[in-house]
Each structure stands twice: as structure tokens, then as C-alpha cells.
Amino acid sequence: MLLVDDIIRYDPLELNLATQTLSVGKESVAIGTTELKLLRYFMQNPERVLSRAQLLDNVWGQNNFIEERT
């Protein structure tokens, strides 16, 4: 993983946090807000096993009530 300014790269993925866009190679990929947040968290934590609780807290936030099976 490489973080430069507002861009996270994990070849061939490039996630631009400023514009909230995803590129795979040279091609732009449409992605929703929740998917972008999930991908960002995964890319910031490469090669780690993440629990459901970690994903819920870090992607949806601790102040939101989300069903455990979401």
C-alpha cells in the first residue's frame, strides 16, 4: 500500500480520497459511498484479518446502530 496525499495505491487499485473515485489500472470504476469506505478501510489494513465489529465501527461509525448481521 502506498499513501500519497489523498491517494491510496495498492496495485492495480488507486483510491482518490479527495475526489472519492476508484481506478483499476487506467480505468475508472463507479463505486458507492459505503463500498468506498469499506475499500478504504481494507486498503489501509492490508493483509490483516478484520472482524465484523471492526468493520462496523470503522466504516459505519460507533454512533450508528447497525444490525450485527449487516
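Anything mentioned here points back to the structure above.
These figures come from a predicted structure and were not determined experimentally.

**Details of the overall build of the chain**
Working step 1: For the chain, the helix and strand inventory stands at two helices and five strands.
Working step 2: Taking all 70 residues of the chain together, 23% fall into the buried category.
Working step 3: Long-range contacts, defined as pairs at least 24 residues apart, comprise 25% of the intrachain contacts of the chain with a sequence gap of at least 6.
Working step 4: When the accessible surface of the chain is totalled, it reaches about 5,400 Å², and 48% of it is carbon and sulfur.

**Focus: the nonpolar core**
Working step 1: By size, the foremost hydrophobic cluster in this structure holds seven residues: Ile8, Leu15, Leu17, Leu22, Leu36, Leu39 and Met43.
Working step 2: At three residues, the largest contribution of residues to this core is made by helix α1 (residues 33-44).
Working step 3: Every residue in contact with leucine 17, bar those within four places of it in the chain, is listed here: Asp6, Ile8 and Arg40.

**A look at the environment of leucine 36**
Working step 1: Relative to the elements of secondary structure, leucine 36 occurs in helix α1.
Working step 2: It is 9.0 Å that separates the C-alpha atoms of leucine 36 and leucine 17, two residues lying 19 residues apart in sequence.
Working step 3: Ignoring sequence-local partners within four residues, the contact set of leucine 36 consists of Leu15, Gln20, Thr21 and Ile31.

**Some points on α1**
Working step 1: Relative to the 16 Å expected for twelve residues at 1.5 Å per residue, α1 spans 16 Å between its end C-alpha atoms, a close match to the ideal helical length.
Working step 2: Where α1 is buried, its residues touch β2 (7-10), β3 (13-16), β4 (21-24) and α2 (52-60).

**Considerations on the packing of α1 against α2**
Any two packed helices are characterised by how steeply their axes cross, that is the angle between the axes, and by the distance between the axes.
Working step 1: Where α1 meets α2, the axes come as close as 10 Å, and the angle between the chain directions of the two elements is 120 degrees. Here α1 is positioned oblique relative to α2, judged by the angle of their axes. The two elements α1 and α2 cross, and the hand of that crossing is right-handed. For the pair formed by α1 and α2, the contact residues are Thr34, Lys37, Leu38, Tyr41 and Phe42 on the first element and Gln54, Leu55, Asn58, Val59 and Trp60 on the second.
Working step 2: Looking at the contact of α1 with α2 residue by residue, the classes come out as six nonpolar, three polar and one charged.

**With respect to the pairing of β3**
Look at any regular strand and the pattern is simple: side chains alternate between the two faces of the sheet.
Working step 1: Pairing of β2 with β3, which is carried by four bridges, proceeds in the antiparallel orientation. Within β3, the position partnered with arginine 9 by the bridge is glutamate 14.
Working step 2: Linking β2 to β3, which pair antiparallel, is a turn of two residues.
Working step 3: Where β3 and β4 come together, four bridges link them in antiparallel fashion. For leucine 15, the partnering residue across the bridge sits in β4 and is leucine 22.

What counts and how
- Residues numbered from 1 in each chain as written.
- Predicted model: local features only at pLDDT ≥ 70, side-chain atom pairs only at ≥ 80, totals over all residues.
- Heavy atoms only, no water.
- Helix = DSSP H or I, 4+ residues; strand = E, 2+ residues; numbered from the N terminus.
- Buried < 20%, exposed > 50% of the residue type's maximum accessible area, 1.4 Å probe, protein only.
- Contact = heavy atoms within 4.5 Å.
- Areas by Shrake-Rupley, 256 points an atom, 1.4 Å probe, with all protein chains shown as cover.
- Core = buried A, V, L, I, M, F, W, Y, C linked by side-chain atoms within 4.5 Å.
- Expected span 1.5 Å × (residues − 1).
- Axes fitted to C-alpha atoms, helices over the stretch in contact; angles between N-to-C directions.
- Parallel < 35°, antiparallel > 145°, perpendicular 65-115°, else oblique.
- Left-handed = near helix turned anticlockwise from the far one by under 90°.
- Nonpolar A, V, L, I, M, F, W, Y, C, P; charged D, E, K, R; others polar.
- Pairing = 2+ DSSP bridges.

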